[in-house]
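These are the residues of each chain, in order.
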Amino acid sequence: MQHPKFISFEGIDGSGKTTQAKRLAKTLQHLGFSVHLLREPGNTPVSEHIRSLLLDRSTYHLTPKTELLLFSASRSQLVDTVIQPLLERGDVVICDRFTDSSIAYQAFGRKLPLEMVQLCNRIATNDLQPILTFYLRIPLEIAQQRMQQTRNTQDRFEASKTEFYQRVIEGYEFLVQTEPDRVFAIDATQPVDQIAAEIWTILQQRLPWLAQHSTSS
Ligand code: TYD
């Protein structure tokens, strides 16, 4: 695939990435693109089953490696049966979380070896990567306040400790540092419209297919 129209959104829980992913999907749809908004883990029957296993409070005993393999299994099914065929058709795929979540959560958060997580990512995706990734950067205290306001129940991840999330943030910062051409950090404390505008500017600068479309329409 030469120019896969594949964009992902990343960030800690409460960063507002889902709002931005939805918004971008709408904007691109209005421009006439065929857009698919997906979330990880999920979007295939088997991935939804795995999602409930992973997010269920009763599965607290999952080991980090089992957790990694479950996320990877879910991702593998999603890539092979949904994402790759859509991208081959030339459609736009926007993913709310993708492989970077495993780097941030499983490698940094759960302290699994980075190489192990990278290898699982490569197996699960056949080396497919988003062309652009937006990391919604937010201080942990603000994200936690937002989560407390919007959710009554805590799932397995949200009940985890502050130190865990600090490590997840470190993981995302590592990705911003090591893959500056793909992973863009956006200040997620800004108003929603401003965040969307910043994302749009980066997209227009970085994606030839979008720039071409904007000038021809
Ligand atoms: P979800 O309810 O979808 O949270 P959010 O709205 O923040 O995306 O739960 C997904 C959780 O799974 C989230 O805490 C991050 C975690 N996760 C991983 O640990 N590794 C992964 O590879 C993925 C995709 C998610």
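Since we're looking at a predicted model, the values are computed, not measured.

**Q** Is there a simple way to think about the overall build of the protein in this case?
**A** The helix and strand inventory of the protein stands at nine helices and five strands. Mapped from its N terminus to its C terminus, the protein presents α and β elements in the order β-α-β-α-α-β-α-α-β-α-α-β-α-α. Rg of the C-alpha trace for the protein: 17 Å, near the compact-globule value of 17 Å for 217 residues, within the 12% margin. Principal-axis analysis of the C-alpha atoms gives the protein an extent of 55 × 35 × 30 Å.

**Q** What am I meant to see in the packing of helix 1 (residues 17-30) against helix 8 (residues 192-206) here?
**A** In helix packing, the relevant descriptors are the interaxial angle and the interaxial distance, both defined with respect to the helix axes. Running from amino to carboxyl end, helix 1 crosses helix 8 at an angle of 55°, the nearest separation of the two axes being 10 Å. As judged from the angle between their axes, helix 1 and helix 8 are oblique. For the pair helix 1 and helix 8, the crossing hand works out as right-handed. In this structure, helix 1 uses T19, Q20, R23, L24, T27 and L28 to contact helix 8, whose residues at the interface are V192, D193, I195, A196, I199, W200 and L203.

**Q** Just to check I follow, could you spell out the sheet that holds strand 4 (residues 132-137) for this structure?
**A** For sheets, the rule is that strands pair by backbone hydrogen bonds, running either parallel or antiparallel. With respect to topology, five strands assemble into an open sheet ordered 2-3-1-4-5, the strand pairing being parallel. Pairing within the sheet leaves two strands with one partner each, and these edge strands are strand 2 (35-39) and strand 5 (183-187). Ignoring strand direction, the axes of neighbouring strands in this sheet form an average angle of 20°. Sheet topology places strand 2 next to strand 3 (residues 92-96); five bridges connect them, and they run parallel. In the strand pairing of strand 3, V35 is matched with V92. Each of strand 1 (6-10), strand 4 and strand 5 is contacted by helix 4 (residues 99-109), which is oriented at about 25° to strand 1, the strand it contacts most.

**Q** Explain the nonpolar core to me, please; I cannot follow it from the model alone.
**A** One broad trend across soluble globular proteins is that nonpolar side chains are buried collectively. Counting 44 residues, the largest nonpolar core has I12, I94, F134 and L203 as its most contacted members. Counting residues per element, this core draws most heavily on helix 7 (residues 162-178), at seven residues.

**Q** Mind showing me how you'd approach the pattern of salt bridges here?
**A** Pairs can form between side chains of opposite charge once their charged atoms are near each other. Enumeration according to the criterion identifies 13 salt bridges in this entry. Ionic pairing is found between R39 and E48, a salt bridge with its closest N-O pair at 3.1 Å. Taking the relative accessible area as the measure of exposure, E48 reaches 30% and is therefore partly exposed. One salt bridge connects R110 with E67, and the closest N-O pair in it is separated by 3.0 Å. Here E67 lies in helix 3 (residues 64-88) and R110 lies in the loop between helix 4 and helix 5 (114-125), a separation of 43 residues in the sequence. Taking relative accessible area as the criterion, R110 reaches 22% and is therefore assigned partly exposed. Overall, the relative accessible area of 1% leaves E67 in the buried class. Taken together, the shared-partner salt bridges connect E10, D13 and R97 into one network.

About the cut-offs
- Residues numbered from 1 in each chain as written.
- Predicted model: local features only at pLDDT ≥ 70, side-chain atom pairs only at ≥ 80, totals over all residues.
- Heavy atoms only, no water.
- Helix = DSSP H or I, 4+ residues; strand = E, 2+ residues; numbered from the N terminus.
- Rg over C-alpha atoms; globule rule 2.2 N^0.38 Å.
- Axes fitted to C-alpha atoms, helices over the stretch in contact; angles between N-to-C directions.
- Parallel < 35°, antiparallel > 145°, perpendicular 65-115°, else oblique.
- Left-handed = near helix turned anticlockwise from the far one by under 90°.
- Contact = heavy atoms within 4.5 Å.
- Pairing = 2+ DSSP bridges.
- Core = buried A, V, L, I, M, F, W, Y, C linked by side-chain atoms within 4.5 Å.
- Buried < 20%, exposed > 50% of the residue type's maximum accessible area, 1.4 Å probe, protein only.
- Salt bridge = Lys/Arg side-chain N within 4 Å of Asp/Glu carboxyl O.

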